[in-house]
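# Structural description and commentary
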Amino acid sequence: EDQVTQSPEALRLQEGESSSLNCSYTVSGLRGLFWYRQDPGKGPEFLFTLYSAGEEKEKERLKATLTKKESFLHITAPKPEDSATYLCAVQATGNQFYFGTGTSLTVIP
Amino acid sequence: KAGVTQTPRYLIKTRGQQVTLSCSPISGHRSVSWYQQTPGQGLQFLFEYFSETQRNKGNFPGRFSGRQFSNSRSEMNVSTLELGDSALYLCASSLGATITYEQYFGPGTRLTVT
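I will try to describe carefully the structure that is included in this document. The shown structure was predicted, so the numbers you read here are calculated from the model rather than taken from an experiment. Per chain, residue numbering runs from 1 following the sequence as it is written. Both sets of labels track the order of writing: A upward for chains, 1 upward for ligands. With the structure being a predicted model, the display of local features is reserved for residues of pLDDT at least 70 and the display and counting of side-chain atom pairs for 80 or more, all residues being used for whole-chain, interface and lining totals. The side-chain figures draw on all heavy atoms in the structure; neither hydrogens nor water molecules are used.

All names here are of chain A. Strand order in this open sheet of 5 strands is β1-β3-β8-β7-β6, and the pairing throughout is antiparallel. Two strands lie at the open edges of the sheet, namely β1 (3–7) and β6 (56–59), each paired on one side alone. With direction set aside, neighbouring strand axes in the sheet form an average angle of 15°. Here a strand pair is declared whenever DSSP counts at least two bridges between the two strands. For helices the rule is a DSSP run of H or I covering at least 4 residues; for strands it is a run of E covering at least 2, with both sets numbered from the N terminus onward. Summarising the sheet, β6 and strand β7 (residues 62–66) pair through 4 bridges and their orientation is antiparallel. Opposite Glu58, over in β7, you have Lys63 as the bridge partner. The axes used here are C-alpha line fits, helices contributing only the stretch in contact, and every angle between their N-to-C directions lies in the interval 0 to 180 degrees.

Moving on, we get to the sheet that holds strand β3 (residues 19–24) of chain B. Residues and elements named next belong to chain B. Taken together, the 4 strands give an open sheet; going across it, the order is β1-β3-β8-β7, and neighbouring strands pair in antiparallel fashion. In this open sheet, the two edge strands, each paired with only one partner strand, are β1 (5–7) and β7 (64–68). Here the strands of the sheet are splayed against their neighbours by 20° on average, with no regard to which way each runs. The sheet contact formed by β7 and strand β8 (residues 74–78) spans 5 bridges and is antiparallel. Of the residues in β8, the one forming a bridge with Phe64 is Val78.

Next up on the list: the interface of chain A and chain B. Only heavy atoms matter for contacts: two residues are in contact if any of them lie within 4.5 Å across the pair. Counting residues at the interface gives 19 residues for chain A, matched by 21 residues for chain B. As a working definition, buried area equals the accessible area (1.4 Å probe) given up by two parts on being put together, with both sides summed. Interface area for chain A against chain B, summed over the two sides, is near 1,500 Å², with a carbon-plus-sulfur share of 55%. On the chain A side of the interface with chain B, the three residues burying the most area are Gln96, Phe97 and Phe99 of chain A, jointly 32% of the side's total. Take a side-chain nitrogen of Lys or Arg and a carboxyl oxygen of Asp or Glu: if they are within 4 Å of each other, that pair is a salt bridge. In this structure, the connection of chain A to chain B is made through 0 salt bridges. Pairing of N or O atoms within 3.5 Å defines a polar contact, subject to two protein rules: one partner must be a possible hydrogen donor and the other a possible acceptor, and residues neighboring in sequence count only if both atoms are side-chain atoms. For the interface between chain A and chain B, the tally reads 1 residue pair in polar contact (both at pLDDT 80 or more). Broken down by secondary-structure element, the contributors of at least two residues to the side of chain A that touches chain B are β4 (30–38), β5 (45–50), β9 (84–92) and β10 (97–99) of chain A. Considering every element that reaches the side of chain A that touches chain B, the biggest residue donor is β4 of chain A, with 4 residues. For this scheme, ten residues count as nonpolar: Ala, Val, Leu, Ile, Met, Phe, Trp, Tyr, Cys and Pro. Four count as charged, namely Asp, Glu, Lys and Arg, and the remainder, Gly too, count as polar. Classifying every residue of the side of chain A that touches chain B by side-chain character gives 8 nonpolar, 9 polar and 2 charged.

Here is the structure:
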């Protein structure tokens, strides 16, 4: 069964305390893995697309990496404005998207 | 450039009624996808339209339907509403012929079924 699992469900960090969010997936053929950020009351905001194992992408304090079975979103020296829910989604060969339930990140000043 | 817009933003309906939600994609985007978001299930894919044709469909009952117009605007309809249909309905648009293009989400329509 195709599925995406994110961990941890919730994460509290002190400002400046780096950490990683995990997204593990089991799908029948990966076409792409996507990371989104969602703020309360808003739709998800696109962050990254990764297509193949070994690929990495960076944006400000965020860095996404991909292996054959999981992806990590590394947050370096986070700030309070990084507080949000981070969603991972996988597109399988059937073109369907499967989303994880997200990691709720809180960065404390 | 204007983002994805969805109307209405909030909606309260009674069980058994039907509802139509609207989505206007970013100008130039031809693909529109619909998702249901609930606290327990997260985001679940409903369907995707490209150039007025349904290109992909998730595992939802036939009560959920959609369409896309020639200007790429899309509507989603839910008939015979059930309490479990209460959710945030999100629309996302993307640029090109392949769904692997980046998707940009609207703010969603919050549907409450009583």
